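What the coordinates show
Chain by chain, the residues run as shown.
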Amino acid sequence: MTEDKFSNKAITHLLRSVAAAYLIKNENRFKIIAYNKAADAVEHLDREIKDVWEDGKLKEIPGIGPSIADHLDEYFKKGFSKHIDWVLSGIPPSVFELMKIRTIGPKKAYKLVKSLKLTQPDTVIADLKKAISENKVANIPSFGNKSQEDIRQAIELYEGQASKKERMPLPYAYSLAQEISNYLKKNPKVKRTDALGSLRRMVATIGDIDIAVEIASAKDADEVISHFTKYPKTLRIENAGGKKASIIIAPNISADLRVQEKEGYGSMLQYFTGSKSHNIKLREFALRKGYSLSEYGVKKVRGSQKLMKFETEEALYSFFGLQYIPPEIREGTNEIELALKNKIPKLVELKEIKGDLHIHSSYDIKPSHDRGSNSYDEIVAKAEKLGYEYVGFTDHNPRFTGVSAEVINKIMKRRKQYIDDIFSTKKFERTKYFIGIEVDILPDGTIALPEKSIEYVDYLIVAIHSSFDMDKDLMTKRIIKALQYPKVKILCHPTGRLLGKRDEYEVDWDKIFSEAKKKDIALEINSWPQRLDLPDTIVRKALEKGVKMAINSDAHSNEEMELLFYGVEVAKRGWAKKNDIINTLSYSDFKKWLVR
DNA sequence: GCCGTTTTCGGCCCGACTGTTTTCAGTCG
């Protein structure tokens, strides 16, 4: 376990605290920006900053320069940094607690803490509430009745959120957005709709649902916004102005709408798709070229202030000499510099997927875990409809503990016979099948299947289903040991995460990557909504090391086979191309890959 | 304090909203 004090989260918080302290002390505002940028960089880092420090590469993180690197170096070495402590001195810790409340930033927090003598960080929010009830906040200079009331409401919101601030799984948000879009399109003034924000970028979890609407002329805006607020599931209208509106459609889900005419639609779409850090980098890039970029268009920094508008994002990116950047990779990593060199790869697409290699059937294999609900032939029939050339049946291994190898071997043999029998009489035009099996990796790294049983399958996919809470080193050895068995071709849902429920287990990815590459074993991108595992950032790192991926549905019913769409989106966010994905191979090539 | 396809110095993303203001500071996305 990483020590909390040195986690990315802790360092992010530390750097933000420095920025806040500088703000309170009226330090040069660019210094404040620098610390906040460094905090952003650490927050979005795809590895532990402590590891980066150990490699001596802190300064290579964009946003961390010589000064901050020095302070962090001291912090990692000694557990504190003289400079940081000096900056934070004089700022009571309760200030940083108060900043968790919406609308309370560093300055307001500091004023409140000083004026009301809120010195106890543990109780500072409760103490502030008490002060509000005694009407003390309204009397502080630069505060008033309205801000006192706003703070009271913000505290209420904060306390409510603490228990339920979960983000939605992507597929849920996606279908909700489609429902809203379909409703919007019932109005003839709505020319086009698009998802915005993290939803358009297909992030694994979504906060709010943001939707863009194109209208023919500005005078249609009111009608469209009014139509939006009458959406049947609306619980409450948060706000509705001339350009945007916000409604609450479930206790913790809000939907935002933005309307824009055709001529400026591209700029709006680009801006509200984000990500924030992509936008900042794009604006900095534009500025270097002498242009100022906003959600409305582009202006020259000097000379004429005429606003240039863009109908499409393609036109906007192209204006700056950039290749089009797909929403999925607009995360502010290095996409802009690559787009400048025309080096954005063609990302994999759903229609390039030729088969699904992780599907559970209803066959009674006396399984260790849950079964699916469709038979083998029903699965193949569905795969034909999806246009696949092949599918792999991967029921869970038969229950392993307390059952003799002999019994399991019999079960496995009977299953193979059963499957082959079905398809000897029932022919399908396009889709072929492979017999696989999903096998538990036991805590000691052995697998939950007798070696003899392996002869009854074409391939194994292996996965951790127990003892998640293991030491990093042991977990790594456990997985690598499992990869040594014959016919193991895929490591399934490799981090074990369940979004909102269970964190990723700790494992040394570099070691897993090099072993997978050496043994020609693919890592799975599991499309199950709560998994979406591998996560996109790890996908990108694995691909850089030359590791292959398999995008699978892990379907337990035929409808769920369609969820593979989301796995493809994860792959895109990880910069995967067609060739990186083994199940884009044709049937015959895939068959060769299995036995090579 | 960071950073470089006009710069190792001189810049630093943009705009909206809100409240307490008399021209702007603070916060947010």
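**Looking at the overall build of chain A**
Tallying secondary structure elements over chain A gives 23 helices and 16 strands in all. Principal-axis analysis of the C-alpha atoms gives chain A an extent of 85 × 65 × 50 Å. Within chain A, the proportion of its 596 residues that are buried is 51%. Considering only intrachain contacts with a sequence separation of at least 6, the fraction spanning at least 24 residues in chain A is 67%. Taking the 100 positively charged and 86 negatively charged side chains of chain A as two groups, their mean positions are separated by 4 Å.

**Details of the protein's contact with DNA strand B**
Taken together, 39 residues surround DNA strand B, and among them Gly63, Gly105, Lys146, Ser147 and Arg283 come closest. Within the side chain of lysine 146, a nitrogen or oxygen atom sits 2.4 Å from a phosphate oxygen of DNA strand B. Of the residues forming the surface near DNA strand B, the biggest block, six residues, is contributed by helix α14 (residues 276–288). Residues belonging to the surface near DNA strand B are distributed by class as follows: 15 nonpolar, 12 polar and 12 charged.

**Describing helix α4 (residues 66–78)**
Note on helix geometry: an α-helix contains 3.6 residues per turn, so any two residues three or four positions apart are oriented the same way. Between the first and last C-alpha of α4 there are 18 Å, a value that for 13 residues agrees with the 18 Å anticipated at 1.5 Å per step. The set of residues buried in α4 consists of Ile68, Ala69, His71, Leu72, Glu74, Tyr75 and Phe76.

**What to know about the sheet that holds strand β5 (residues 236–240)**
Spatially, β2-β4-β7-β6-β5 is the arrangement adopted by the five strands of the open sheet, whose pairing is mixed. Lying at the two open borders of the sheet, with one neighbouring strand each, are β2 (192–195) and β5. On average, adjacent strands in this sheet sit at an angle of 20° to one another, irrespective of strand direction. With seven bridges connecting them, strand β4 (residues 209–215) and strand β7 (residues 253–261) associate as parallel partners. When the bridges of β7 are listed, aspartate 210 appears paired with aspartate 256. Against the sheet, helix α10 (residues 170–184) makes contact with β2, β4, β6 (244–250) and β7, and its axis sits at roughly 30° relative to β4, the strand it touches most. On top of the sheet, helix α12 (residues 221–229) reaches β4, β5, β6 and β7; it is set at about 165° to β7, its chief contact.

**As for the side chain of aspartate 536**
Assignment of secondary structure puts aspartate 536 in helix α21 (residues 536–544). Residue class for aspartate 536 comes out buried when judged on its relative accessible area of 16%. Only 2.7 Å separates the side chain of aspartate 536 from the side chain of arginine 573, close enough to count as a polar contact. With near-sequence residues (within four places) excluded, aspartate 536 lies in contact with Val570, Arg573 and Gly574.

**Some words on the pattern of salt bridges**
Once their charged atoms are close, side chains differing in charge can pair, the charge on each being opposite to the other. With the rule as written, the count across this model stands at 45 salt bridges. Two residues, lysine 309 and glutamate 263, come together in a salt bridge whose shortest N-O distance is 3.6 Å. Of this pair, lysine 309 sits in the loop between β9 (297–300) and α15 (313–319) while glutamate 263 is found in the loop between β7 and α13 (265–273), placing the two residues 46 residues apart along the sequence. According to the relative accessible area criterion, glutamate 263 is partly exposed, its value standing at 42%. With its nearest N and O atoms 3.7 Å apart, the salt bridge here joins lysine 572 to glutamate 328. Residue lysine 572 is found in helix α22 (residues 564–573), and its partner glutamate 328 is found in the loop between α15 and α16 (335–340); the two are separated by 244 residues along the sequence. Shared partners join several salt bridges into a network, and the residues in it are Arg201, Glu331, Asp536 and Arg573.

**Brief notes about the sheet that holds strand β12 (residues 432–440)**
Within a sheet, adjacent strands bond to each other through the backbone by hydrogen bonds, running parallel or antiparallel. The seven strands are arranged β10-β11-β12-β13-β14-β15-β16 in an open sheet whose pairing can be described as parallel. Looking at which strands have only one partner, the edges of the open sheet turn out to be β10 (355–359) and β16 (549–552). In this sheet, adjacent strand axes meet at a mean angle of 30° when their direction is disregarded. Summarising the sheet, strand β13 (residues 459–463) and strand β14 (residues 488–491) pair through three bridges and their orientation is parallel.

**Examining unusual backbone geometry**
Glycine aside, negative phi is the norm for most residues, and most peptide bonds take the trans geometry. Omega for the peptide link from glycine 274 to serine 275 comes to -5°, which places this bond in the cis form. Following aspartate 533, the chain continues into leucine 534 via a peptide bond in cis, with omega recorded as 15°. Its location among the elements puts leucine 534 in the loop between β15 (522–526) and α21. Although it is not a glycine, serine 467 sits at a positive phi angle of roughly 45°. Along the chain, serine 467 turns up in the loop between β13 and α19 (472–482). Owing to a relative accessible area of 37%, serine 467 belongs among the partly exposed residues under this scheme.

**Quick notes on the environment of leucine 45**
Within the secondary structure layout, leucine 45 lies in the loop between α2 (29–43) and α3 (49–54). Once the C-alpha coordinates of leucine 45 and methionine 475 are considered, the two residues, 430 residues apart in sequence, prove to be 23 Å apart. Not counting the four nearest positions on each side in its chain, leucine 45 is found in contact with Asn8, Val52 and Ile61.

**Comments concerning the environment of proline 93**
As for its placement among the helices and strands, proline 93 is situated in helix α6 (residues 93–98). Residues proline 93 and asparagine 583 lie 490 residues apart in sequence; the distance between their C-alpha atoms is 53 Å.

**Considering the packing of aromatic side chains**
Evaluation of the coordinates by the stated rule reveals 31 aromatic pairs. Taken together, a centroid distance of 5.8 Å and an interplanar angle of 25° make the contact between phenylalanine 393 and tyrosine 433 stacked. Here phenylalanine 393 is found in strand β11 (residues 390–393), whereas its partner tyrosine 433 is found in strand β12, with 40 residues between them in sequence. Looking at phenylalanine 393, the relative accessible area reads 0%, which means it is buried. Ring geometry for phenylalanine 434 versus phenylalanine 590: centroids 5.2 Å apart, planes at 70°, classification edge-to-face. Here phenylalanine 590 lies in helix α23 (residues 587–595) and phenylalanine 434 lies in strand β12, a separation of 156 residues in the sequence. For phenylalanine 434, a relative accessible area of 3% gives the class buried. Residue classification places phenylalanine 590 among the buried positions, given a relative accessible area of 1%. Every member of this aromatic cluster is reached through a ring pair, and the members are Tyr363, Tyr376, Phe393, Tyr418, Phe423, Phe428 and Tyr433. The aromatic ring of tryptophan 86 is capped on one face by lysine 25, whose charged end is 5.8 Å from the ring centroid.

Rules used throughout
- Residues numbered from 1 in each chain as written.
- Chains lettered and ligands numbered in written order.
- Predicted model: local features only at pLDDT ≥ 70, side-chain atom pairs only at ≥ 80, totals over all residues.
- Heavy atoms only, no water.
- Helix = DSSP H or I, 4+ residues; strand = E, 2+ residues; numbered from the N terminus.
- Buried < 20%, exposed > 50% of the residue type's maximum accessible area, 1.4 Å probe, protein only.
- Contact = heavy atoms within 4.5 Å.
- Lys, Arg positive; Asp, Glu negative; His and termini not counted.
- Charge placed at Lys NZ, Arg CZ, Asp CG, Glu CD.
- Near = heavy atom within 4 Å.
- Polar contact = N/O pair within 3.5 Å; in protein donor to acceptor, adjacent residues only side chain to side chain.
- Nonpolar A, V, L, I, M, F, W, Y, C, P; charged D, E, K, R; others polar.
- Expected span 1.5 Å × (residues − 1).
- Pairing = 2+ DSSP bridges.
- Axes fitted to C-alpha atoms, helices over the stretch in contact; angles between N-to-C directions.
- Salt bridge = Lys/Arg side-chain N within 4 Å of Asp/Glu carboxyl O.
- Phe/Tyr/Trp six-rings, centres within 6.5 Å; stacked < 30°, edge-to-face > 60°.
- Lys NZ or Arg CZ within 6 Å of the ring centre and 35° of its normal.

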